[in-house]
Amino acid sequence: MNQEYYDLLNVDKLATPNEIKKAYYKKAMIFHPDKNKEDKNAEDMFKQISEAYEVLSDPQKRAIYDQFGKDGLNERQSFNPFDLSSMFFKTTQQHQKTQNLQFELTITLRELYDGCIKKFKYNRYVVCQSCRDQLTTCTTCHGQGKIAKRQQQGFMIMQNIVECDQCKGHGFSYKINKKKKCKTCHGQFKIKVEQELNIDIERGMNHGDTLCYFGSAHEEFNMVTGDVCVVLSCHDHNTFTRKGDDLYCQQQISLLQALSGNGILIKHLNGHDVYIHHDGIIQPNCYKKLVGYGMPIKNRPEYFGDLYIEFVLQIHLEDEVKQQMIHLLHPKTKIPLQDNESILLTHVDTLPTYDHKQHDHDDSHDEHEHDTVQCAQQ
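Here's what I pulled together on the structure shown here. In this text the structure is predicted, and so the values were computed from the model without any measurement. (Residues numbered from 1 in each chain as written. Predicted model: local features only at pLDDT ≥ 70, side-chain atom pairs only at ≥ 80, totals over all residues. Heavy atoms only, no water.)

## Some details on the sheet that holds strand E9 (residues 228-234)
Piece 1. Pairing in this open sheet of three strands is mixed, and the strands run E1-E9-E8 from one edge to the other. Each of the sheet's edge strands pairs with one partner strand only, and the pair in question is strand E1 (101-107) and strand E8 (210-213). On average, each strand axis in the sheet is inclined to that of its neighbour by 25 degrees, with strand direction left out of account.
Piece 2. As paired elements, E1 and E9 share seven bridges and run parallel to each other. (Pairing = 2+ DSSP bridges. Helix = DSSP H or I, 4+ residues; strand = E, 2+ residues; numbered from the N terminus. Axes fitted to C-alpha atoms, helices over the stretch in contact; angles between N-to-C directions.)

## Section: helix H4 (residues 59-74)
Piece 1. Here H4 spans only 16 Å end to end across 16 residues, well under the 22 Å set by a 1.5 Å rise per residue.
Piece 2. Residue Phe68 marks the point of greatest curvature in H4, where the axis turns by about 130 degrees.
Piece 3. Regarding H4, the residues found buried are Arg62, Ala63, Ile64, Tyr65, Asp66, Gln67, Phe68, Gly69 and Gly72.
Piece 4. As for H4, its buried residues are in contact with helix H1 (4-9), helix H2 (17-31) and helix H3 (40-56).
Piece 5. Sitting at the head of H4, Asp58 places a side-chain oxygen 3.1 Å from the backbone nitrogen of Lys61. (Expected span 1.5 Å × (residues − 1). Bend = angle between axes of the 7 residues up to and from the residue. Buried < 20%, exposed > 50% of the residue type's maximum accessible area, 1.4 Å probe, protein only. Contact = heavy atoms within 4.5 Å. Polar contact = N/O pair within 3.5 Å; in protein donor to acceptor, adjacent residues only side chain to side chain.)

## What to know about the pattern of salt bridges
Piece 1. By the definition in use, this model includes 13 salt bridges.
Piece 2. A salt bridge links Glu43 to Lys47; its shortest N-O distance comes to 3.9 Å. With Glu43 and Lys47 both in helix H3 and four residues apart, this pair spans about one turn of that helix.
Piece 3. One salt bridge connects Asp209 with Lys298, and the closest N-O pair in it is separated by 3.0 Å. Separated by 89 residues along the polypeptide, Asp209 in the loop between strand E7 (190-201) and E8 and Lys298 in the loop between strand E15 (296-297) and strand E16 (300-304) bring together distant segments of the chain.
Piece 4. The exposure class of Lys298 is partly exposed, given its relative accessible area of 33%. (Salt bridge = Lys/Arg side-chain N within 4 Å of Asp/Glu carboxyl O.)

## Topic: the side chain of Asp227
Piece 1. In this fold, Asp227 is placed in the loop between E8 and E9.
Piece 2. Judged by its relative accessible area of 8%, Asp227 falls in the buried class.
Piece 3. Within the local environment of Asp227, its side chain forms a polar contact with the backbone nitrogen of Gly215, the two atoms lying 3.1 Å apart.

## A word on H2
Piece 1. The end-to-end C-alpha separation of H2 is 21 Å, in line with the 21 Å expected for 15 residues at 1.5 Å each.
Piece 2. All buried positions along H2 are accounted for by Ile20, Ala23, Tyr24 and Ala28. Down the axis of H2, the buried set is contained in an arc of 135 degrees. They therefore lie on one face. Away from the buried face of H2 by more than 90 degrees, exposed residues Lys22, Lys26 and Met29 are located.
Piece 3. Residues of H2 that are buried sit in contact with H1, H3 and H4. (Arc of directions from axis to C-beta.)

## Describing the packing of aromatic side chains
Piece 1. Applying the stated rule across the entire model yields nine aromatic pairs.
Piece 2. On the basis of an interplanar angle of 10 degrees and a centroid distance of 4.2 Å, the ring pair of Tyr24 and Tyr53 is categorised as stacked. Pair noted here: Tyr24 is in helix H2 and Tyr53 is in helix H3, with a separation of 29 residues, a long-range link.
Piece 3. The exposure class assigned to Tyr24 is buried, which follows from its relative accessible area of 13%.
Piece 4. Clustering of aromatic rings is evident, with ring pairs tying together Tyr5, Tyr6 and Tyr65.
Piece 5. Cation over ring: Lys243 sits above Tyr248, and NZ or CZ is 4.6 Å from the ring centre. (Phe/Tyr/Trp six-rings, centres within 6.5 Å; stacked < 30°, edge-to-face > 60°. Lys NZ or Arg CZ within 6 Å of the ring centre and 35° of its normal.)

Structure representation (structure tokens):
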């Protein structure tokens, strides 16, 4: 395992890019030549940690280093005169990469607000350590698992890419004990292990954001290990809805609170009680805004969006109070009634649903048509 660069920065091999950056800045402040002008060892250490950061901060270089070490980084372009594609297109030999893995991580809106670290476990295949020392890169295909074969047909020479006969497409072969199967992997060259990642969820991240962990997918001998991509999936909240960096919610208020604008308590997403007031009457189903009480803004957690509140008026009055208010608000002039008739309204809990496939000429509807509109009692 290639650990030198990680040890220089004092980080784990599965460290995130942000953790690597923080570790580098911390080390650089300690060993910077300007702070250690007479210390030659500090200057050498500064060069080493800078080299380590240059590699580990670059996803492609980091993946090659994790699999092949410094030798893989220093590997130069190899030219095969019999490879027609390289002659015409000047392509260079590159290490193949295993397939990336993608997982979905379910989180809550509160966790996106506060930020947190969640442990995530998954299964991956790693190269068997017992076999690793017994394997060598195939000298025929140079680890590619495929070779180019030329075939002359008349005056033309055709080239086909076929599986390497020497390594059977694996890209490697045994140095010794070729016929003896490994007791650990039983000749599969890899074993299944459980891997754990620390998912660092920063404040203000969004549903659908993807966090990538380099070199954490399945391993294959002589191949660059792919990445693990974790996609955040946020649960719906019972009270709050997120739109961008803003939050939306409904708040029930009494008639007194609507008239006075005082005594309104809101339980915020962060768990704190927020007392609010408004100068003037709060109209039913209107929206008001609390500036700076929305979600933290991603990458700028010191700033916040806004909270939009829809006020829903709920009236609960005792009969005596109701009669007093009717007397107080009773109009001086009576409203004329058409034909001296007043029709009683019926309470509706839920609105009916309609089948749009039915047509107006349906006989079952024709018999219910009237000139006046009636309210259905439920």
